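Listed below, chain by chain, are the residues.
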Amino acid sequence: MTILQAVEQIDELVHNTYSQEQKIGWLSDLDAMVKEQVIDTHVGSEEVIFTGYDGDTPMDTVLLIPSPYEEVYLHYLEGKICYYNGEQGKYNQAMEQHKAVLRAFVNHYNATHMAKGQRLRYF
């Protein structure tokens with residue numbers, strides 16, 4: 001999923017008045033967390049380049065979490081919108097969905113990438 005796809009999809013799904021730049025900032029925050037807490041803890045993390053997103057970032061930039069887990073971005077954006085709108089119930093629902101998909105991604109990533117400092121075991 002690209003930045004543009006995430007922003008366009010959330011704008012279609014959730015009525016909001018937040019700027020494109022604000023949503024890009026939220027996406028940047030999420031990917032910064034994923035890079036630091038998930039990717040950087042595994043071998044090969046230096047191959048994944050992330051410098052953050054802002055209004056000058058190309059809109060066709062691919063976000064870090066791939067399919068089939070990319071809906072994590074939509075739930076996160078929905079949660080941020082609901083939070084700042086004061087819609088606590090909707091916020092809780094969106095963030096529960098976000099956490100479930102993020103957890104599935106992290107479990108998959110941990111299962112398919114070797115953690116730093118871990119030794120290969122031969123049986």
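Each chain carries its own residue numbering, running from 1 in the written order of its sequence. Only residues with pLDDT of 70 or above have their local features reported here, since the model is predicted, and side-chain atom pairs are shown and tallied only from 80 upward, although totals for entire chains, interfaces and linings are computed over all residues. As a convention, hydrogens and water are excluded, and side-chain values are obtained from all of the structure's heavy atoms.

Put simply, DSSP marks the helices as runs of H or I at least four residues long and the strands as runs of E at least two long, and each gets a number from the N terminus on. Scanning the protein from N- to C-terminus turns up 4 helices and 0 strands. Secondary structure elements of the protein, listed N to C terminal, follow the sequence α-α-α-α. Each of the three principal axes of the protein carries a C-alpha extent, and together these read 55 × 35 × 20 Å. Relative accessibility decides the category of a residue: with a 1.4 Å probe and only protein chains considered, values under 20% of the type maximum give buried, values over 50% give exposed, and everything between is partly exposed. Burial analysis of the protein (123 residues in total) assigns 38% to the buried set. Contact criterion: two residues are considered in contact whenever any of their non-hydrogen atoms come within 4.5 Å of each other. A separation of at least 24 residues holds for 68% of the contacts in the protein among residues at least 6 apart in sequence.

Time to look at helix α4 (residues 88–112). Helix span, as expected, comes to 1.5 Å for every residue beyond the first. For α4, spanning 25 residues, the distance from its first C-alpha to its last is 36 Å, which sits close to the expected 36 Å at 1.5 Å a residue. Of the positions making up α4, those classed as buried are A94, M95, H98, V101, L102, F105 and Y109. Along its buried surface, α4 packs onto α2 (20–37) and α3 (71–84).

Okay, the packing of aromatic side chains next. Ring pairs shown here join Phe, Tyr and Trp side chains whose ring centres sit within 6.5 Å, with only the six-membered ring taken for Trp; geometry is labelled stacked below 30 degrees between planes, edge-to-face above 60, and tilted in between. In the structure shown here, the tally under the stated rule is 7 aromatic pairs. Summarising the aromatic geometry, the rings of F105 and Y109 are spaced 5.7 Å apart at their centres and angled 50° between planes, so their arrangement reads as tilted. Of this pair, F105 and Y109 both sit in helix α4, separated by 4 residues, roughly a single helical turn. Classification of F105 as buried rests on a relative accessible area of 3%. Members of the aromatic cluster, connected to one another through ring pairs, are Y18, W26, Y83, Y84 and Y91.

Here V14 shows up in the loop between α1 (3–13) and α2. Put simply, V14 and D54 are 40 residues apart on the chain and 21 Å apart in space, counted from C-alpha to C-alpha. For V14, the contacting residues outside a window of four places in its chain are E78 and I81.

Take the nonpolar core next. Residues enter a nonpolar core if they are buried and are Ala, Val, Leu, Ile, Met, Phe, Trp, Tyr or Cys, with the set joined through side-chain atoms within 4.5 Å. Core analysis: the biggest nonpolar cluster contains 31 residues, and L27 and Y73 have the highest contact counts within it. Counting only elements with at least two residues in this core, the list comes to α1, α2, α3 and α4. Broken down by element, this core gets its largest block of residues, 6 residues, from α3. Apart from the residues lying within four places of it in its own chain, the contact partners of L27 are I3, A6, V7, Y53, L63, Y73 and L77.

Secondary-structure assignment places T41 in the loop between α2 and α3. Beyond its immediate chain neighbours, meaning those up to four positions away, T41 contacts E36, A115 and K116.

Within the element layout of this structure, S28 appears in helix α2. Given the relative accessible area of 11%, S28 is considered buried. For S28, the contacting residues outside a window of four places in its chain are F50, G52 and Y53.

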